[in-house]
Amino acid sequence: MSGPTPAQILEAAAVPFSSFPHAPIRTYEDIERELRLPAERLLKTLAFRTDDGFVLVSMPMLLPAAYGKIAKAAGVSRSKLRRAGEADLAVLGMAPGGISPLTDLDDKTVVFHTTVPDMGKVYCGSGRDDVTIEVDAATLVDLVRPVVADVAG
């Protein structure tokens, strides 16, 4: 995909944010070791593929995801929801470990957990596994306009 990066989307919308480089991350252990950020401020974004496109789900890092709730929030059958692989992420222009809720792709549904709008300053993926974005959660919600639902297990 050759669309704008998450940082470029934020810049185009004049949303204040900062980003910082770090060693590549893929696992929670990598995150703890490399980022050393408060766990309660970390957002994980999960990417799923459906017959009609993508579902991106952003939620607090420490909450477990409930696939049935995610499917319901996205308006798809649970049987049609599958985790996005590396080829799917390439379509999004993102790397594993750097998935972001920010994309200009048309065929996507973005879902945020109900707690995200009130989280204050959060850290999320930049599309790359070696850069993290810091942004105000309420501002991010205003920009993305996600479905907001309880998607935790």
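Here the structure is a predicted model, which means the values were calculated and not measured.

A word on the overall build of the protein
Along its length, the protein carries 5 helices and 8 strands. When the helices and strands of the protein are placed in sequence order, the string is α-β-α-β-β-α-β-α-β-β-β-α-β. Relative to the 2.2 N^0.38 estimate, which gives 15 Å for 153 residues, the radius of gyration of the protein is 14 Å and therefore close to what a compact globule would have. Dimensions along the principal axes, computed over C-alpha positions, put the protein at roughly 35 × 35 × 30 Å. Counting across all 153 residues of the protein, residues that qualify as buried make up 47%. Taken as a whole, the protein presents about 7400 Å² of accessible surface, with 50% of it coming from carbon and sulfur. With 16 positive and 20 negative side-chain charges, the protein shows a spacing of 5 Å between the two charge centroids.

Description of the nonpolar core
L43, A47, L92, F112, V116, V135 and L140 are the most contacted members of the largest nonpolar core, which totals 26 residues. Put simply, the parts of the chain that give this core at least two residues each are α1 (6–12), β2 (43–50), β3 (53–60), α4 (86–92), β5 (108–113), β6 (121–125), β7 (131–136) and α5 (137–144). The residues touching F112, leaving out its near neighbours within four places in the chain, are S58, P101, L140, V141, V144, P146, V147, V148 and A149. Grouped together as the second largest cluster of nonpolar side chains are 14 residues, M59, A74, V111 and V151 included.

Focus: the sheet that holds β2
Hydrogen bonds between backbone groups are what pair the strands of a sheet, and the pairing can be parallel or antiparallel. Read across the open sheet, the 5 strands follow the order β4-β2-β3-β5-β8; overall the sheet is mixed. In this open sheet, the two edge strands, each paired with only one partner strand, are β4 (82–83) and β8 (147–149). Sheet topology places β3 next to β5; 5 bridges connect them, and they run parallel. Its bridge partner lying in β5, L56 is registered against V110.

So, the sheet that holds β6
Within the open sheet, the 3 strands sit side by side as β1-β7-β6. Their pairing is antiparallel. Every interior strand has two partners, whereas the edge strands, β1 (17–21) and β6, have only one. Pairwise comparison of adjacent strand axes, ignoring direction, gives a mean angle of 25 degrees for this sheet. Where α5 meets the sheet, it contacts β6 and β7, and its direction lies at approximately 95 degrees from that of β7.

Brief notes about the pairing of β3
In terms of residue burial, β3 counts as a mostly covered element, since 8 of its 8 residues are buried. The pairing of β2 with β3 spans 8 bridges and is antiparallel. In the sheet register, T45 faces β3, and the bridge partner there is S58. Counting the residues between successive antiparallel strands, the hairpin from β2 to β3 contains 2 residues.

Digging into the confidence of the model for the protein
The share of residues in the protein with pLDDT of 70 or more is 99%, and the mean pLDDT across the chain is 93. Across the protein, element-level confidence peaks in β8 with a mean pLDDT of 98 and bottoms out in helix α2 (residues 28–34) with 80.

As for the environment of A7
Considering the arrangement of structural elements, one finds A7 in helix α1. Between the C-alpha atoms of A7 and S79, which are 72 residues apart in sequence, the distance is 33 Å. Those residues in contact with A7 that sit more than four places away from it in its chain are F17 and I133.

Some thoughts on helix α3 (residues 67–74)
Burial in α3 covers these residues: I70, A71, A73 and A74. The buried residues of α3 occupy one face: seen down the axis, they fall within an arc of 165 degrees. Tucked inside the fold, the buried residues of α3 contact β2, β3, β5 and β8. G75 occupies a position one or two residues after α3 and carries a positive phi of about 75 degrees.

What counts as what
- Residues numbered from 1 in each chain as written.
- Predicted model: local features only at pLDDT ≥ 70, side-chain atom pairs only at ≥ 80, totals over all residues.
- Heavy atoms only, no water.
- Helix = DSSP H or I, 4+ residues; strand = E, 2+ residues; numbered from the N terminus.
- Rg over C-alpha atoms; globule rule 2.2 N^0.38 Å.
- Buried < 20%, exposed > 50% of the residue type's maximum accessible area, 1.4 Å probe, protein only.
- Areas by Shrake-Rupley, 256 points an atom, 1.4 Å probe, with all protein chains shown as cover.
- Lys, Arg positive; Asp, Glu negative; His and termini not counted.
- Charge placed at Lys NZ, Arg CZ, Asp CG, Glu CD.
- Core = buried A, V, L, I, M, F, W, Y, C linked by side-chain atoms within 4.5 Å.
- Contact = heavy atoms within 4.5 Å.
- Pairing = 2+ DSSP bridges.
- Axes fitted to C-alpha atoms, helices over the stretch in contact; angles between N-to-C directions.
- pLDDT = per-residue confidence, 0-100.
- Arc of directions from axis to C-beta.

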